[in-house]
Amino acid sequence: MQRLVLSVSALFLSVAASAQVTVKDAWVRATVPQQKATGAFMQLQSAQDAKLVSAQSPVAGVVEVHEMAMDGGVMKMRAVPSLALPAGKAVELKPGGYHVMLMDLKGQVKDGDTVPVTLVVEGKDGKRQSVELKVPARTAAAPAMNHGAGQMHKH
């Protein structure tokens, strides 16, 4: 019985904390056969200062937060240790900018698939929360769909 009470309490605390981060317009770029990497894109907004510190997905062996930036006239992509989420400000993860990189894909991500992605966000207090998403895959040319709070499962 004590274990059940602890589980319910932990669930309540994590749901209360995760209500501070919202995700809009999330999508994953569909791949071609044998392609080993793709990106996930979305808009994040946090009620309080926080940072995106990591991400995971069962469809990829490695998932990292990346940025693309000009360096000496050359566009370069690199992993970043975290991405600031200033309170009340929308942060866009988009092609050519910050994004979640899914690498070592375990199979093709097809247009219309739903890709599970878990974001890990850390608050100013150092506490971490997971935001579980069901993200639609689409080709880059397909129009964006609004996949907001109805597609989110917070833990």
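Residues numbered from 1 in each chain as written. Predicted model: local features only at pLDDT ≥ 70, side-chain atom pairs only at ≥ 80, totals over all residues. Heavy atoms only, no water.

Tell me about the overall build of the protein, and name the residues and values.
Looking only at helices and strands, the protein features one helix and eleven strands. Walking the protein from its N terminus toward its C terminus, one meets helices and strands in the order α-β-β-β-β-β-β-β-β-β-β-β. Here the protein holds 155 residues, and 35% of them are scored as buried. The long-range share in the protein, meaning contacts at least 24 apart out of those at least 6 apart in sequence, stands at 67%. Total accessible area computed for the protein in this model is approximately 8,700 Å², and 56% of it derives from carbon and sulfur atoms. (Helix = DSSP H or I, 4+ residues; strand = E, 2+ residues; numbered from the N terminus. Buried < 20%, exposed > 50% of the residue type's maximum accessible area, 1.4 Å probe, protein only. Contact = heavy atoms within 4.5 Å. Areas by Shrake-Rupley, 256 points an atom, 1.4 Å probe, with all protein chains shown as cover.)

How would you sum up the packing of aromatic side chains? Please name residues and give values.
The tally for this structure, following the rule as stated, stands at one aromatic pair. Taking the centre distance of 4.7 Å and the plane angle of 40° together, the rings of Trp27 and Phe41 count as tilted. Here Phe41 lies in strand E2 (residues 37-46) and Trp27 lies in strand E1 (residues 21-29), a separation of 14 residues in the sequence. The class of Trp27 is buried, set by a relative accessible area of 10%. Above the plane of the ring of Trp27 lies Arg138, whose end atom (NZ or CZ) is 3.7 Å from the centre. (Phe/Tyr/Trp six-rings, centres within 6.5 Å; stacked < 30°, edge-to-face > 60°. Lys NZ or Arg CZ within 6 Å of the ring centre and 35° of its normal.)

Please give an account of the pairing of strand E5 (residues 74-79) that cites residues and values.
The pairing of strand E4 (residues 60-71) with E5 spans six bridges and is antiparallel. Within E5, the position partnered with Met70 by the bridge is Met75. (Pairing = 2+ DSSP bridges.)

Describe unusual backbone geometry, naming the residues involved and giving the relevant values.
A positive phi is found at Gln34, a non-glycine position, where the angle reads about 75°. Tracing the sequence through the fold places Gln34 in the loop between E1 and E2. Overall, Gln34 belongs to the exposed group, its relative accessible area being 72%. Phi is positive for Asp104, close to 55°, though the residue is something other than glycine. In this fold, Asp104 is placed in strand E8 (residues 99-105). You can call Asp104 partly exposed: its relative accessible area is 47%.

For the pairing of strand E10 (residues 128-138), give the residues involved together with the corresponding values.
Sheet topology places E1 next to E10; two bridges connect them, and they run parallel. In the strand pairing of E10, Val28 is matched with Ala137. In this structure, strand E9 (residues 114-123) lies alongside E10, joined through nine bridges in antiparallel fashion. Across the sheet, the residue bridging to Glu122 is Arg128, located in E10. Hairpin connection of E9 to E10: four residues between the antiparallel strands, including Gly126 at a positive phi of 85°.

Break down the pattern of salt bridges for me, with residues and values.
Within the structure shown, the criterion is met by four salt bridges. Residues joined by salt bridges that share partners form a network here, namely Lys51, Glu122 and Arg128. (Salt bridge = Lys/Arg side-chain N within 4 Å of Asp/Glu carboxyl O.)

Which residues make up the environment of Ala40, and what values do they have?
Mapping Ala40 onto the fold places it in strand E2. Measuring from C-alpha to C-alpha, the distance between Ala40 and Val63 comes to 9.9 Å, with 23 residues separating the pair along the chain. Those residues in contact with Ala40 that sit more than four places away from it in its chain are Trp27, Val28, His99, Val100 and Leu102.

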